[in-house]
Amino acid sequence: MKSMVTRHSRHTLIGMMSLLLALLLSSGIAVLLSTRPSPHILAAAAITCAEQPTAAHCNGQDPEVQGCATPGDVRTVAQADILAGGRAIGRVERRYSLSCHSWWGRVFDYSGTHSMNVTIAGKSYADSFPGEIYSPMVFDPPYTSVPAVTGTIILSAASADTTVSATLPEIPITPPA
C-alpha cells in the first residue's frame, strides 16, 4: 500500500509540474505578443543628432541623449554669473556642439535648492531638479545667429521680487559678402 501512495504522489507531482510549466510558457508568450516597445526605446533606436545633424534630428532634442554633449565636442562659448545681492548664486552658460551644429543653454544653482528655468531662442524650460538645468537644442547649420540664453533662479515662489537672472544676448552673424 505504501508503494501505491508514493507512486500516485509522483504522478500527481509530475502532472502538476507539467501543467504549471505549460501555464508559465503560455503566459510568457502572451505577454511578449501583447507588449509594445516604449517610445523611449523607439527613440533610442532612431537616428541621433550626432549621427545625422539636421533640424529634424536636433531641434528640441536633449543634447545628452542625442550624443551632442560629449567631452571634446561640446564648447561652453559664453557664461555669466547670476547675482543676488551682489553675490554669485549661480551661472548661465551658452553651449555649442561642433558635430551637432546645435546650441543649448545650461543653468547652475550653486546652492542646489531653488527652482530654475532656462530660456533659449525665446523658448523657456523649467525644472526643479536641484543644481542644474539645460534646455533642448536649437539647430543652427547656416550659422545665422547665436541664440540668446537667459538663466533664472527662483529664490522664492511667494514673490516675483525673489527671482534673479542673467542673459547672454543673441549675436547676429553677418555672412561674408
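Right above here is the structure, for reference.
Reading the values: the criteria
Residues numbered from 1 in each chain as written. Predicted model: local features only at pLDDT ≥ 70, side-chain atom pairs only at ≥ 80, totals over all residues. Heavy atoms only, no water. Phe/Tyr/Trp six-rings, centres within 6.5 Å; stacked < 30°, edge-to-face > 60°. Buried < 20%, exposed > 50% of the residue type's maximum accessible area, 1.4 Å probe, protein only. Helix = DSSP H or I, 4+ residues; strand = E, 2+ residues; numbered from the N terminus. Pairing = 2+ DSSP bridges. Axes fitted to C-alpha atoms, helices over the stretch in contact; angles between N-to-C directions. Core = buried A, V, L, I, M, F, W, Y, C linked by side-chain atoms within 4.5 Å. Contact = heavy atoms within 4.5 Å. Salt bridge = Lys/Arg side-chain N within 4 Å of Asp/Glu carboxyl O.

Let's shift gears to the packing of aromatic side chains. Taken as a whole and assessed by the stated rule, the structure comprises 1 aromatic pair. With a centroid separation of 4.4 Å and an interplanar angle of 50°, the aromatic rings of Y96 and W103 are classed as tilted. On the basis of relative accessibility, which here comes to 8%, the residue W103 falls in the buried class.

A positive phi angle is found at H101, which is not glycine, with a value near 50°. You can see H101 is positioned in the loop between β2 (87-97) and β3 (102-109). Despite not being glycine, A121 has its phi angle at roughly 50°, a positive value. For A121, the location among the structural elements is in the loop between β4 (115-120) and β5 (123-127).

This part takes up the sheet that holds β4. Pairing is antiparallel in the open sheet, where 4 strands are placed in the order β5-β4-β9-β10. The open sheet has two edge strands with one neighbour each: β5 and β10 (163-168). Averaged over all pairs of adjacent strands, the angle between strand axes in this sheet comes to 15°, irrespective of strand direction. Here 5 bridges tie β4 to β5, and the two strands are oriented antiparallel to one another. The residue of β5 that forms the bridge with N117 is A126.

Time to look at the nonpolar core. The biggest cluster of nonpolar side chains holds 18 residues, and the ones touching the most others in it are I82, I89, V92, V107, I153 and V164. Every element with two or more residues in this core is listed here: β1 (74-84), β2, β3, β4, β9 (149-154) and β10. For I82, the residues in contact, after removing those within four places along its chain, are R87, A88, I89, G90, R91, V92, V107, G151, I153, V164, S165 and A166. Counting 8 residues, the second-largest nonpolar core is a separate cluster that includes C58, C100, W104 and M137.

Below, the discussion takes up the pattern of salt bridges. In the structure shown here, the tally under the stated rule is 4 salt bridges. As a salt-bridge pair, E93 and R106 come within 2.7 Å of each other at their nearest N and O atoms. Remark: R106 occurs in strand β3 and E93 occurs in strand β2; sequence separation between them is 13 residues. Each member of the pair E93 and R106 is classed as buried. Note that R106 and E132 form a salt bridge whose closest N and O atoms lie 3.6 Å from each other. Linking R106 in strand β3 with E132 in strand β6 (residues 132-134), this pair joins segments that are 26 residues apart in sequence. When its relative accessible area of 17% is taken as the criterion, R106 is described as buried.

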